[in-house]
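# Survey of secondary and tertiary structure
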Amino acid sequence: MRADAKRNYDRIVEVARMAFRERGYDTSLDQIAKDAGVGPGTLYRHFPTRDDLIDAVMKAWVDHVEETTDKALTHEGGPREVLLNWFEEYVRLISVHKGGPAKITGAMGDEASPIRSKCQVLQSAGGRVLDRLREEDAVRDDVTPLEVARLVGGIAAVADQSGLEPAAVRPMLEVVADGLMK
């Protein structure tokens, strides 16, 4: 990629990251191009679809998911507290951008989704937490990481859309955690 094309690409991604955080994933792509100082054609040449742009914005986020999972696995406390800590971190991870929880949770399990790889990262991270707790015989064996991601993601989507404070989210996460514990 030429240096000027790389600068445009990086600028579009940074502007989109801010726009998605402030206004959600449905923000105008033409406005993102304008705010980035490029024409719509430049934006669409780099990102033919909205989902391609969302995917580019989420790349750095994937690394953060892995770090967060590692920290969750070393969290002090009993199995229930470890699980609740992971749930709270998961909600925080998918709620970075307005509309993110619904977008990500809706794409969970959709093999055709352009953000499928990001969803798989989340499922894998949740699977690591569940596997550790299963080693301790603390959680049910009959629940998949996909099911848990959808449940916790649904709570995150409700919180995102209604503006719930984190303190109001935790009791809902506790219900899910209690349903998973043996």
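Residues numbered from 1 in each chain as written. Predicted model: local features only at pLDDT ≥ 70, side-chain atom pairs only at ≥ 80, totals over all residues. Heavy atoms only, no water.

### Thoughts on the pattern of salt bridges
Two side chains that carry opposite charge are able to pair once their charged atoms sit near each other. The test is simple: A pairing counts as a salt bridge when a side-chain nitrogen of Lys or Arg comes within 4 Å of a carboxyl oxygen of Asp or Glu. The helix and strand labels rest on DSSP assignments: H or I over at least four residues marks a helix, E over at least two residues marks a strand, and numbering proceeds from the N terminus. Each residue is placed in one exposure class: buried if its accessible area under a 1.4 Å probe, protein chains only, is under 20% of its type's maximum, exposed if it is over 50%, and partly exposed if it falls in between.
Applying the stated criterion across every chain yields a total of 18 salt bridges. With a shortest N-O distance of 2.7 Å, Asp-55 and Lys-118 are connected by a salt bridge. Residue Asp-55 is located in helix H4 (residues 50-73), and its partner Lys-118 is located in helix H7 (residues 116-135); the two are separated by 63 residues in the primary sequence. For the pair formed by Asp-55 and Lys-118, the shared burial category is buried. Residues participating in the shared-partner salt-bridge network are Glu-81, Glu-88, Arg-170 and Glu-174.

### Overview of the domain arrangement of the protein
It is common to give the size of an interface as the accessible area that goes away when the parts come together. Put simply, the test is: All domain edges in this entry derive from an automatic or database-based domain assignment. Contact between two residues is taken to exist if any of their heavy atoms lie within 4.5 Å; hydrogens are not considered. The quantity reported as buried area is the accessible area (1.4 Å probe) lost by two parts once they are put together, taken as the sum for both.
Considered domain by domain, the protein is made up of domain 1 (3-56) and domain 2 (58-180). For domain 1 versus domain 2, the distance between C-alpha centres works out to 27 Å. Listed by partner, the interface residues are 10 residues for domain 1 and 12 residues for domain 2. Taken as a group, Tyr-25, Asp-51 and Asp-55 account for 52% of the area that domain 1 buries against domain 2, more than any other trio of residues on that side.

### Points about the confidence of the model for the protein
Keep in mind that low pLDDT regions are not for reading the predicted coordinates in detail. To keep it simple, the criterion reads: Along the chain, pLDDT gives the predictor's confidence residue by residue, from 0 to 100.
Put simply, the protein has an average pLDDT of 92, and 99% of its residues get 70 or more. Ranking the helices and strands of the protein by mean pLDDT puts helix H2 (residues 29-36) first, with 97, and H4 last, with 86.

### Some points on the packing of H7 against helix H8 (residues 145-162)
Applied cut-off: Note on method: axes are straight lines fitted to C-alpha atoms, helices fitted across the in-contact stretch only, with angles between N-to-C directions ranging 0 to 180 degrees. With respect to orientation, any angle under 35 degrees is reported as roughly parallel, any angle over 145 as roughly antiparallel, any angle of 65 to 115 as roughly perpendicular, and every other angle as oblique. For this scheme, ten residues count as nonpolar: Ala, Val, Leu, Ile, Met, Phe, Trp, Tyr, Cys and Pro. Four count as charged, namely Asp, Glu, Lys and Arg, and the remainder, Gly too, count as polar.
Where H7 meets H8, the closest approach of the two axes is 9 Å, and the angle between their N-to-C directions is 110°. Judged by the angle between their axes, H7 and H8 are roughly perpendicular. On the side of H7, the interface is formed by Gln-123, Gly-127 and Leu-130, while H8 contributes Pro-145, Leu-146 and Val-148. Split by residue class, the contact of H7 with H8 holds 4 nonpolar, 2 polar and no charged.

### Describing the nonpolar core
Just so we agree on the cut-off: To define a nonpolar core, start from buried Ala, Val, Leu, Ile, Met, Phe, Trp, Tyr and Cys residues and group those joined through side-chain atoms within 4.5 Å.
Among the nonpolar cores identified, the biggest contains 59 residues, and Ile-32, Leu-83 and Phe-87 are the most heavily contacted of them. The set of elements that each furnish at least two residues to this core consists of helix H1 (3-23), H2, H4, helix H5 (79-94), helix H6 (100-107), H7, H8 and helix H9 (166-180). Residue-level mapping places this core at the junction of two domains, with at least three residues from each of domain 1 (3-56) and domain 2 (58-180). Sequence-distant contacts of Ile-32, defined by excluding residues within four places in its chain, comprise Ile-12, Val-15, Ala-16, Ala-19, Phe-20, Thr-27, Leu-43 and Leu-53.

### Focus: the environment of Leu-53
Tracing the chain through its elements places Leu-53 in helix H4. Judged by its relative accessible area of 0%, Leu-53 falls in the buried class. Considered as a pair, Leu-53 and Tyr-9 are 44 residues apart in the sequence and their alpha carbons are 9.9 Å apart. Dropping the residues within four chain positions of it, Leu-53 is found in contact with Ile-12, Ala-16, Phe-20, Leu-29, Ile-32 and Phe-47.

### Some words on H7
Residues spaced three or four apart along an α-helix point in a common direction, a consequence of the helix completing one turn every 3.6 residues. Rules: Expected helix span is computed as 1.5 Å times (number of residues minus one).
Between its first and last C-alpha atoms H7 spans 28 Å; for 20 residues at 1.5 Å apiece the expected length is 28 Å, and the two agree. Three or more residues of H7 are buried, namely Lys-118, Cys-119, Val-121, Leu-122, Gln-123, Ala-125, Gly-126, Gly-127, Val-129, Leu-130 and Leu-133. Two residues or fewer after H7 comes Asp-137, characterised by a positive phi angle close to 55°.

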